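# A closer look at the structure
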Amino acid sequence: MVQAYILVQTEVGKAAAVASEIAAIPGVTSAEDVTGPYDVIVRAEADDVDKLGQLVVAQVQGVNGITRTLTCPVVKLG
């Protein structure tokens with residue numbers, strides 16, 4: 001299982017709607033509005049890196065109101 005945080009920037013005023021829509025995508029374990037340079041932080045998981053990439057590109061980035069994403073895979077250092 002591969003897990004990642006996806007940092008999402010949205011159009012002004014769209015963060016709550018984007019987080020709500022992303023939260024309903026299978027493979028997404030959480031999607032929360034935040035303050036700072038990103039508007040929503042998503043936690044997602046998939047069976048492998050390829051499926052994680054498909055989740056991000058095909059589903060998360062397709063949500064209306066998103067302007068940019070940055071995917072940060074979780075690693076275990078130790």
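Residues numbered from 1 in each chain as written. Predicted model: local features only at pLDDT ≥ 70, side-chain atom pairs only at ≥ 80, totals over all residues. Heavy atoms only, no water.

With an unreviewed UniProt entry as reference, the protein is termed Lrp/AsnC family transcriptional regulator, source organism Pseudonocardia bannensis.

Another aspect to go through is helix α1 (residues 15-23). Buried within α1 we find Ala15, Val18, Ala19 and Ile22. When α1 is viewed along its axis, its buried side chains cluster within an angular range of 100 degrees and face the same direction. Its buried side turned inward, α1 meets β1 (2-10), β2 (28-33), β3 (40-46), α2 (49-60) and β4 (66-73). (Buried < 20%, exposed > 50% of the residue type's maximum accessible area, 1.4 Å probe, protein only. Helix = DSSP H or I, 4+ residues; strand = E, 2+ residues; numbered from the N terminus. Arc of directions from axis to C-beta. Contact = heavy atoms within 4.5 Å.)

Another aspect to go through is the environment of Ile41. Examined against the element boundaries, Ile41 turns out to sit in strand β3. Separated by 13 residues in sequence, Ile41 and Val28 have C-alpha atoms that sit 11 Å apart. Not counting residues up to four positions away in its chain, the partners in contact with Ile41 are Tyr5, Ile6, Leu7, Ser30, Ala31, Glu32 and Val34.

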